[in-house]
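Descriptive analysis of the structure
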Amino acid sequence: MTRFYPVSLHLEDRPCIVIGHGAIAEQKVIGLLEAGACVTVICPNPSRRLDELAADGVIRLHRRAHESGDLAGVFLVIVSVEDRAVRDELWKEAERRKILINAVDDMPHCSFIAPAIYQQGDLTVAVSTAGKSPALAVRVRNRIGDLLGTEYGTLLALLGDLRAGVTARIPHTPTRTALWYQIVDSDAIEFIRRGDLAGARQRIAELVHNAEDEPSATSGGSVEATE
(Lines give C-alpha, C1' and ligand atoms only; values in the text may rest on other atoms or scores of the structure.)
Protein backbone atom coordinates (compact mmCIF):
# COMPACT_ATOMS: atom_id res chain seq x y z
CA MET A 1 0.00 0.00 0.00
CA THR A 2 1.38 3.39 -1.01
CA ARG A 3 1.77 5.83 1.87
CA PHE A 4 2.22 9.56 1.40
CA TYR A 5 3.88 12.17 3.58
CA PRO A 6 1.59 15.24 3.66
CA VAL A 7 3.38 18.53 2.96
CA SER A 8 2.67 22.02 1.62
CA LEU A 9 5.12 22.94 -1.13
CA HIS A 10 6.72 26.37 -1.49
CA LEU A 11 6.39 26.98 -5.23
CA GLU A 12 7.07 30.72 -5.39
CA ASP A 13 9.06 31.38 -8.60
CA ARG A 14 9.71 27.67 -9.13
CA PRO A 15 9.41 26.31 -12.69
CA CYS A 16 6.44 23.95 -13.04
CA ILE A 17 4.93 22.31 -16.10
CA VAL A 18 1.40 21.15 -16.87
CA ILE A 19 1.16 18.75 -19.81
CA GLY A 20 -2.32 18.13 -21.18
CA HIS A 21 -5.60 19.83 -21.96
CA GLY A 22 -9.16 20.13 -20.71
CA ALA A 23 -10.77 21.44 -17.54
CA ILE A 24 -8.54 19.44 -15.20
CA ALA A 25 -5.32 20.74 -16.75
CA GLU A 26 -6.68 24.28 -16.60
CA GLN A 27 -7.58 23.80 -12.94
CA LYS A 28 -4.05 22.59 -12.17
CA VAL A 29 -2.57 25.62 -13.94
CA ILE A 30 -4.68 28.02 -11.88
CA GLY A 31 -3.70 26.26 -8.65
CA LEU A 32 0.00 26.51 -9.48
CA LEU A 33 -0.33 30.18 -10.38
CA GLU A 34 -2.08 30.89 -7.07
CA ALA A 35 0.93 29.33 -5.33
CA GLY A 36 3.26 31.71 -7.18
CA ALA A 37 4.82 29.13 -9.52
CA CYS A 38 6.30 29.95 -12.92
CA VAL A 39 4.03 27.84 -15.11
CA THR A 40 4.64 26.38 -18.53
CA VAL A 41 1.85 24.54 -20.35
CA ILE A 42 2.42 22.03 -23.13
CA CYS A 43 -0.76 21.36 -25.06
CA PRO A 44 -1.61 21.10 -28.80
CA ASN A 45 -5.16 22.42 -28.25
CA PRO A 46 -5.24 24.79 -25.27
CA SER A 47 -8.48 26.15 -23.85
CA ARG A 48 -9.51 29.76 -24.35
CA ARG A 49 -8.56 30.50 -20.74
CA LEU A 50 -5.04 29.16 -21.24
CA ASP A 51 -4.71 31.15 -24.46
CA GLU A 52 -5.70 34.29 -22.53
CA LEU A 53 -3.20 33.59 -19.76
CA ALA A 54 -0.47 33.10 -22.36
CA ALA A 55 -1.44 36.30 -24.21
CA ASP A 56 -1.22 38.20 -20.92
CA GLY A 57 2.21 36.76 -20.21
CA VAL A 58 1.02 34.91 -17.11
CA ILE A 59 2.09 31.48 -18.42
CA ARG A 60 4.33 30.12 -21.13
CA LEU A 61 2.38 28.06 -23.63
CA HIS A 62 3.75 25.55 -26.15
CA ARG A 63 1.05 24.49 -28.61
CA ARG A 64 2.43 21.05 -29.30
CA ALA A 65 2.74 17.56 -27.85
CA HIS A 66 5.29 16.67 -25.22
CA GLU A 67 8.87 16.14 -26.41
CA SER A 68 11.78 14.44 -24.71
CA GLY A 69 13.75 16.95 -22.66
CA ASP A 70 10.77 19.16 -21.78
CA LEU A 71 11.31 18.46 -18.08
CA ALA A 72 14.88 19.77 -17.94
CA GLY A 73 15.24 22.22 -15.06
CA VAL A 74 11.65 21.74 -13.88
CA PHE A 75 10.72 21.42 -10.18
CA LEU A 76 7.31 19.80 -10.62
CA VAL A 77 5.18 18.41 -13.43
CA ILE A 78 1.48 17.61 -13.65
CA VAL A 79 0.30 15.35 -16.45
CA SER A 80 -3.26 15.18 -17.73
CA VAL A 81 -3.15 13.12 -20.90
CA GLU A 82 -5.10 9.99 -21.84
CA ASP A 83 -2.26 8.15 -23.56
CA ARG A 84 -0.75 5.78 -20.97
CA ALA A 85 2.44 5.40 -23.02
CA VAL A 86 3.00 9.16 -22.78
CA ARG A 87 2.37 9.09 -19.04
CA ASP A 88 4.84 6.25 -18.67
CA GLU A 89 7.45 8.13 -20.70
CA LEU A 90 7.00 11.27 -18.58
CA TRP A 91 7.15 9.24 -15.37
CA LYS A 92 10.48 7.71 -16.37
CA GLU A 93 11.92 11.09 -17.34
CA ALA A 94 10.72 12.68 -14.10
CA GLU A 95 12.18 9.84 -12.03
CA ARG A 96 15.48 10.10 -13.89
CA ARG A 97 15.65 13.84 -13.29
CA LYS A 98 14.37 13.58 -9.66
CA ILE A 99 11.32 15.74 -10.44
CA LEU A 100 8.02 15.62 -8.57
CA ILE A 101 5.29 14.29 -10.85
CA ASN A 102 1.54 13.82 -10.65
CA ALA A 103 -0.32 12.01 -13.42
CA VAL A 104 -4.01 12.70 -12.94
CA ASP A 105 -5.98 9.56 -11.97
CA ASP A 106 -2.90 7.38 -12.45
CA MET A 107 -1.44 6.46 -9.06
CA PRO A 108 1.43 4.29 -10.40
CA HIS A 109 2.75 7.40 -12.16
CA CYS A 110 2.57 9.77 -9.18
CA SER A 111 5.33 10.74 -6.77
CA PHE A 112 2.84 13.08 -5.06
CA ILE A 113 -0.92 13.51 -4.94
CA ALA A 114 -3.00 16.67 -4.61
CA PRO A 115 -5.53 16.76 -1.75
CA ALA A 116 -8.94 18.41 -1.85
CA ILE A 117 -8.44 21.92 -0.45
CA TYR A 118 -10.63 24.25 1.61
CA GLN A 119 -9.17 27.71 2.03
CA GLN A 120 -10.06 30.86 3.95
CA GLY A 121 -7.30 33.42 3.60
CA ASP A 122 -4.13 31.70 4.82
CA LEU A 123 -6.09 28.98 6.59
CA THR A 124 -5.86 25.82 4.50
CA VAL A 125 -7.47 22.47 5.22
CA ALA A 126 -6.33 19.57 3.02
CA VAL A 127 -8.24 16.29 2.75
CA SER A 128 -6.60 13.24 1.20
CA THR A 129 -7.75 9.68 0.64
CA ALA A 130 -4.30 8.53 -0.56
CA GLY A 131 -5.68 8.58 -4.09
CA LYS A 132 -8.33 5.95 -3.36
CA SER A 133 -11.38 8.21 -3.72
CA PRO A 134 -10.96 11.85 -4.79
CA ALA A 135 -14.77 12.19 -4.77
CA LEU A 136 -14.90 11.30 -1.07
CA ALA A 137 -12.12 13.78 -0.37
CA VAL A 138 -14.14 16.52 -2.07
CA ARG A 139 -17.28 15.68 -0.09
CA VAL A 140 -15.37 15.71 3.22
CA ARG A 141 -13.71 18.99 2.18
CA ASN A 142 -17.11 20.52 1.51
CA ARG A 143 -18.46 19.41 4.87
CA ILE A 144 -15.48 20.98 6.61
CA GLY A 145 -16.13 24.17 4.64
CA ASP A 146 -19.69 24.22 5.92
CA LEU A 147 -18.36 24.15 9.50
CA LEU A 148 -15.70 26.82 9.04
CA GLY A 149 -16.83 30.33 8.12
CA THR A 150 -14.84 33.30 6.90
CA GLU A 151 -14.28 34.34 10.51
CA TYR A 152 -11.52 31.74 10.85
CA GLY A 153 -9.50 33.29 8.05
CA THR A 154 -9.94 36.71 9.67
CA LEU A 155 -8.84 35.38 13.05
CA LEU A 156 -5.76 33.83 11.46
CA ALA A 157 -4.85 37.15 9.87
CA LEU A 158 -5.09 38.85 13.29
CA LEU A 159 -2.94 36.18 14.91
CA GLY A 160 -0.36 36.49 12.14
CA ASP A 161 -0.12 40.24 12.74
CA LEU A 162 0.37 39.64 16.47
CA ARG A 163 2.85 36.79 16.33
CA ALA A 164 6.14 38.70 16.28
CA GLY A 165 5.00 41.13 18.99
CA VAL A 166 3.77 38.39 21.29
CA THR A 167 7.03 36.46 20.87
CA ALA A 168 8.99 39.57 21.88
CA ARG A 169 6.75 40.35 24.87
CA ILE A 170 6.48 36.76 26.15
CA PRO A 171 9.76 34.91 25.46
CA HIS A 172 8.87 32.05 27.83
CA THR A 173 7.77 29.35 25.40
CA PRO A 174 5.35 27.33 27.60
CA THR A 175 3.56 30.52 28.66
CA ARG A 176 3.37 31.76 25.07
CA THR A 177 2.10 28.40 23.81
CA ALA A 178 -0.61 28.35 26.47
CA LEU A 179 -1.55 31.91 25.49
CA TRP A 180 -2.08 31.00 21.83
CA TYR A 181 -4.49 28.26 22.86
CA GLN A 182 -6.30 30.67 25.19
CA ILE A 183 -6.72 33.11 22.32
CA VAL A 184 -8.04 30.59 19.78
CA ASP A 185 -10.35 29.07 22.42
CA SER A 186 -11.63 32.46 23.57
CA ASP A 187 -14.68 34.43 22.47
CA ALA A 188 -12.52 36.58 20.16
CA ILE A 189 -13.94 34.70 17.19
CA GLU A 190 -17.47 35.59 18.32
CA PHE A 191 -16.55 39.26 18.05
CA ILE A 192 -15.32 38.60 14.51
CA ARG A 193 -18.56 36.80 13.61
CA ARG A 194 -20.44 39.94 14.67
CA GLY A 195 -18.15 42.09 12.56
CA ASP A 196 -16.54 43.68 15.62
CA LEU A 197 -12.83 43.46 14.80
CA ALA A 198 -12.00 46.15 17.36
CA GLY A 199 -13.67 44.04 20.03
CA ALA A 200 -11.72 40.96 18.93
CA ARG A 201 -8.45 42.86 19.09
CA GLN A 202 -9.33 44.19 22.54
CA ARG A 203 -10.16 40.70 23.82
CA ILE A 204 -6.88 39.33 22.49
CA ALA A 205 -4.97 42.28 23.99
CA GLU A 206 -6.48 41.47 27.39
CA LEU A 207 -5.33 37.87 27.17
CA VAL A 208 -1.81 38.93 26.14
CA HIS A 209 -1.66 41.41 29.04
CA ASN A 210 -2.77 38.72 31.50
CA ALA A 211 -0.12 36.35 30.18
CA GLU A 212 2.56 39.01 30.62
CA ASP A 213 1.66 39.24 34.30
CA GLU A 214 2.51 35.57 34.89
CA PRO A 215 5.81 35.17 36.82
CA SER A 216 7.35 32.91 34.19
CA ALA A 217 6.32 35.01 31.19
CA THR A 218 9.64 36.82 30.76
CA SER A 219 12.02 34.01 31.77
CA GLY A 220 12.80 32.95 28.21
CA GLY A 221 12.78 29.42 26.81
CA SER A 222 13.22 27.40 23.68
CA VAL A 223 10.88 27.50 20.70
CA GLU A 224 8.39 24.63 20.55
CA ALA A 225 7.10 22.96 17.41
CA THR A 226 3.52 23.39 18.65
CA GLU A 227 3.63 27.03 17.61
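In case you missed it, the structure is sitting above this.
Since the structure is predicted, the reported quantities are computational estimates derived from the model, not experimental observations.

**Re the packing of helix α5 (residues 150-169) against helix α6 (residues 173-185)**
Direction vectors running N to C along α5 and α6 enclose 155°, while the axes themselves pass 12 Å from each other. What the angle tells us is that α5 and α6 run roughly antiparallel. Here the hand of the crossing between α5 and α6 comes out right-handed. Residues Leu 159, Leu 162, Arg 163, Val 166 and Thr 167 of α5 touch α6, and the partners they reach there are Arg 176, Leu 179, Trp 180, Ile 183 and Val 184. The residue makeup of the contact of α5 with α6, split by class, is seven nonpolar, one polar and two charged.

**Some thoughts on the environment of Ser 68**
Relative to the helices and strands, Ser 68 is located in the loop between β3 (60-62) and β4 (76-80). Residue Ser 68 is classed as exposed on the basis of its relative accessible area, which comes to 62%. Each C-alpha atom, one on Ser 68 and one on Ile 117, is 32 Å from the other, the two residues being 49 residues apart in sequence.

**Quick word on a nonpolar patch on the surface**
Residues Tyr 5, Val 7 and Leu 9 make up a contiguous nonpolar surface patch of roughly 360 Å² in combined accessible area. Along the chain, the position of Tyr 5 falls in the segment before β1 (15-20). Take Tyr 5: its relative accessible area is 72%, and that puts it in the exposed class.

**A word on the pattern of salt bridges**
Inspection of every chain in the model, using the stated rule, returns 13 salt bridges. In this structure, Arg 64 and Glu 67 form a salt bridge, with 3.9 Å as the shortest nitrogen-oxygen distance. Judged by relative accessible area, Arg 64 falls into the partly exposed class, the value being 23%. When its relative accessible area of 43% is taken as the criterion, Glu 67 is described as partly exposed. Between Asp 187 and Arg 203 there is a salt bridge, and its shortest N-O distance comes to 2.8 Å. Placement of the pair is Asp 187 in the loop between α6 and α7 (188-193) and Arg 203 in helix α8 (residues 197-212), with a sequence separation of 16 residues. Note on Asp 187: relative accessible area 35%, which makes it partly exposed. On the accessibility criterion, Arg 203 (25% relative accessible area) is partly exposed. Among the charged side chains, a network of salt bridges with common partners joins Arg 64, Glu 67 and Asp 70.

**A look at the sheet that holds β3**
Reading across the sheet, the five strands line up as β3-β2-β1-β4-β5 and stay open at both edges, with parallel pairing between neighbours. The outermost strands of the open sheet, each flanked by one partner alone, are β3 and β5 (100-103). The mean inter-strand angle of the sheet, taken between neighbouring strand axes irrespective of direction, is 15°. Pairing between β1 and β4: five bridges, direction parallel. Directly across from Gly 20, in β4, lies its bridge partner Ser 80. Contacts between helix α3 (residues 84-97) and the sheet are confined to β1, β4 and β5, with β5 contributing the most and set at about 165° to the helix.

**Looking at the nonpolar core**
In terms of nonpolar packing, the biggest core is built from 19 residues, with Val 29, Leu 32, Val 41 and Ile 59 touching the most fellow members. Looking at this core, the elements that each hand over two or more residues are β1, α1 (22-34), β2 (38-42), α2 (48-55) and β4.

**Digging into α8**
For α8, built from 16 residues, the straight-helix expectation of 22 Å at 1.5 Å per residue is met to within 8% by its first-to-last C-alpha distance of 23 Å. Where α8 is concerned, the buried positions are Gly 199, Ala 200, Ile 204, Leu 207, Val 208 and Ala 211. Of the surrounding elements, those touching the buried residues of α8 are α5, α6 and α7.

The rules we used
Residues numbered from 1 in each chain as written. Predicted model: local features only at pLDDT ≥ 70, side-chain atom pairs only at ≥ 80, totals over all residues. Heavy atoms only, no water. Axes fitted to C-alpha atoms, helices over the stretch in contact; angles between N-to-C directions. Helix = DSSP H or I, 4+ residues; strand = E, 2+ residues; numbered from the N terminus. Parallel < 35°, antiparallel > 145°, perpendicular 65-115°, else oblique. Left-handed = near helix turned anticlockwise from the far one by under 90°. Contact = heavy atoms within 4.5 Å. Nonpolar A, V, L, I, M, F, W, Y, C, P; charged D, E, K, R; others polar. Buried < 20%, exposed > 50% of the residue type's maximum accessible area, 1.4 Å probe, protein only. Patch = residues over 30% accessible without salt bridge, like charges linked within 9 Å, V, L, I, M, F, W, Y side chains within 5 Å. Areas by Shrake-Rupley, 256 points an atom, 1.4 Å probe, with all protein chains shown as cover. Salt bridge = Lys/Arg side-chain N within 4 Å of Asp/Glu carboxyl O. Pairing = 2+ DSSP bridges. Core = buried A, V, L, I, M, F, W, Y, C linked by side-chain atoms within 4.5 Å. Expected span 1.5 Å × (residues − 1).

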